[in-house]
Amino acid sequence: MPLDPPIQRIIDLLADHRSADPPPGTPAERRELANATMRLAFTGRPDDVTATDHRIPVPGGEITVRILRPAGLPAVAPAFYFIHGGGWFQGDLDTAEVELGPITAQVACAVALVDYRLAPEHPYPTPLEDCVAGYTWLHAHHAELGLDPNRIAVGGCSAGGNLAALLCLVARDRQLPMPVAQLLDVPGVDLTRMEPSAGPEATADLGGLTPEACNEFFDLYLPEGVDPRDPRVSPLFEPDLSGLPPAVITIAEHDPLRDQGERYLTRLHEAGVPAAAFRVLAHLHGGWVIPGTVTHALVGDLRAASVRRALGGTLAP
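Criteria and cut-off values
Residues numbered from 1 in each chain as written. Predicted model: local features only at pLDDT ≥ 70, side-chain atom pairs only at ≥ 80, totals over all residues. Heavy atoms only, no water. Core = buried A, V, L, I, M, F, W, Y, C linked by side-chain atoms within 4.5 Å. Buried < 20%, exposed > 50% of the residue type's maximum accessible area, 1.4 Å probe, protein only. Helix = DSSP H or I, 4+ residues; strand = E, 2+ residues; numbered from the N terminus. Contact = heavy atoms within 4.5 Å. Expected span 1.5 Å × (residues − 1). Pairing = 2+ DSSP bridges. Axes fitted to C-alpha atoms, helices over the stretch in contact; angles between N-to-C directions. Left-handed = near helix turned anticlockwise from the far one by under 90°. Nonpolar A, V, L, I, M, F, W, Y, C, P; charged D, E, K, R; others polar. Phe/Tyr/Trp six-rings, centres within 6.5 Å; stacked < 30°, edge-to-face > 60°. Parallel < 35°, antiparallel > 145°, perpendicular 65-115°, else oblique. Salt bridge = Lys/Arg side-chain N within 4 Å of Asp/Glu carboxyl O. Disulfide = S-S within 2.5 Å.

Right, let's get into the nonpolar core. In terms of nonpolar packing, the biggest core is built from 63 residues, with Tyr-81, Ile-83, Leu-138, Tyr-221, Tyr-264 and Leu-268 touching the most fellow members. If you tally residues by element for this core, the top one is helix α6 (residues 159–173), at nine residues. The contact partners of Leu-138, leaving out residues within four places of it in the chain, are Ile-67, Tyr-81, Ala-112, Leu-145, Leu-147 and Ile-152. Residues Ala-96, Leu-100, Val-111 and Leu-183 belong to the second largest nonpolar core, which totals 26 residues.

This is the structure we're talking about:
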């Protein structure tokens, strides 16, 4: 299908801007520009939400976990642990709030955001281990944070969806507390190299994420010698997906990651994991993050409903 018209207008404007002013080239400069652009889509944090940043020591440094807590929650509340996207080398706590939208106004829960260290300065496995560290810290400090350790769901967008899916596998294999659900938005679950833009995955002409860009992100994230088929890199290659929590996967029609997300759904079903996927037509990779479309609100509603049911124990039979 053609792109949603408001998205097409924005893509055209961005194309005009980029042709006049090419983006800077280093990963750090590109990160700064990408994060600033993402923040333009922020619709604001509700006034009744308190945000608290917690510094957490990890091997070789520290990370930050931000807790968003809306007013009126019970003393012990469920939580949604969310991992931002950005190709493993972009994104931060503020862009995570953009990706999530007003979920604190839609679900009676706290939200925990993790500011994991980024590639290429901190390549694999540091981002994954940082996300695991933030998750285990959340459980270790649940009493002082006022969180119910038995009602924590996890989720992520794009690269964050990859890390959220892997977090569930790590929790299973290391016998950590298992999340009650995994909410994966346009996740990258297969980091093997992609063929150049062609066929149904050709998004270059649309201005969206391309296979070439994905390959660049994979190269920034994975050190030389790391096999992209390693199941702790690409969860699609995990031979045993049993024992994982229910999953909800959101997929975009015009996205080079589309088919692998749908294959992951098939693999989860084959392993007996309750799971559903929704393909959003007329959209690029995560394009619904941009306000001004019907889909912007509805995809947020779908995520909120999934989190609400997961935390209430009614997502899966």
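What follows is about helix α4 (residues 126–140). An ideal rise of 1.5 Å per residue puts 21 Å on 15 residues; α4 measures up with 20 Å between its terminal C-alpha atoms. Looking at α4, one finds that the buried residues are Pro-127, Leu-128, Asp-130, Cys-131, Val-132, Gly-134, Tyr-135, Trp-137, Leu-138 and His-139.

Glancing now at the pairing of strand β4 (residues 110–115). When you tally the buried positions in β4, you get five out of six residues, the bulk of the element. Summarising the sheet, strand β2 (residues 61–70) and β4 pair through five bridges and their orientation is antiparallel. By the bridge assignment for β4, Leu-68 is matched with Val-111. Bridge analysis of strand β3 (residues 77–83) against β4 gives five bridges, and the strand direction is parallel. Bridge assignment links Phe-82 to a residue of β4, and that residue is Leu-113.

Looking now at the packing of α4 against α6. A pair of packed helices is characterised by two quantities: the angle between their axes and the separation of those axes. In the contact formed by α4 and α6, the axes pass within 10 Å of each other and the chain directions differ by 65 degrees. Judged by the sense of rotation from one axis to the other, the crossing of α4 with α6 is right-handed. Across from Pro-127, Leu-128, Cys-131, Val-132 and Tyr-135 in α4, the residues of α6 making contact are Leu-163, Leu-166, Leu-167 and Val-170. Residues belonging to the contact of α4 with α6 are distributed by class as follows: nine nonpolar, no polar and no charged.

Tallying each qualifying case throughout the model produces six aromatic pairs. Pairing Trp-88 with Tyr-221 gives two aromatic rings, centres 4.8 Å apart and planes at 10 degrees, and the pair type is stacked. With Trp-88 in the loop between β3 and α3 (93–100) and Tyr-221 in helix α7 (residues 211–221), this pair connects stretches of sequence that are 133 residues apart. Judged on exposure class, the residue Trp-88 and its partner Tyr-221 are both buried. What links up through ring pairs into an aromatic cluster is the set Trp-88, Tyr-124, Phe-218 and Tyr-221.

A separate point is the packing of helix α2 (residues 27–39) against α3. Packing of α2 against α3 leaves a shortest axis separation of 9 Å and a crossing angle of 40 degrees. Here α2 lies oblique to α3, going by the angle between them. Crossing angle aside, the handedness with which α2 passes α3 is left-handed. Counted together, Asn-35, Met-38 and Arg-39 of α2 and Asp-94, Thr-95, Val-98 and Glu-99 of α3 form the full contact between these two elements. Among the residues making up the contact of α2 with α3, the classes are represented as two nonpolar, two polar and three charged.

This paragraph deals with the sheet that holds strand β6 (residues 182–185). Taken in spatial order, the eight strands make up an open sheet running β1-β2-β4-β3-β5-β6-β7-β8, and their pairing is mixed. In this open sheet, the two edge strands, each paired with only one partner strand, are β1 (49–58) and β8 (275–284). Averaged over all adjacent pairs, the angle separating strand axes in this sheet is 20 degrees, with direction ignored. Pairing of strand β5 (residues 147–157) with β6 involves four bridges; the strand directions are parallel. Considered in β6, the bridge of Val-154 is made with Gln-182. Its contacts with the sheet place α3 against β1, β2, β3, β4 and β5, and it is angled at close to 135 degrees to β4.

A word on the pattern of salt bridges. Across all of its chains, the model carries 21 salt bridges by this definition. The salt bridge partner of Glu-216 is Arg-30, with a shortest N-O separation of 2.5 Å. Remark: Arg-30 occurs in helix α2 and Glu-216 occurs in helix α7; sequence separation between them is 186 residues. Of the charged contacts, one joins Arg-31 and Glu-121 as a salt bridge, the two residues approaching to 2.8 Å between their closest N and O atoms.

Another point: the state of the cysteines. For the structure on display, the rule yields zero disulfides. No disulfide involves Cys-131; its nearest neighbouring cysteine sulfur is the one of Cys-168, lying 12 Å away.

Here we come to unusual backbone geometry. Cis geometry is adopted by the peptide bond preceding Pro-120, which originates at Ala-119 and carries an omega value of 0 degrees. Along the polypeptide, Pro-120 turns up in the loop between β4 and α4. One non-glycine residue, Ser-158, lies in positive phi territory at about 60 degrees. Judged by relative accessible area, Ser-158 falls into the buried class, the value being 13%. For Ala-282, which is not a glycine, the phi torsion comes out positive at approximately 65 degrees. Its place among the elements puts Ala-282 in strand β8.

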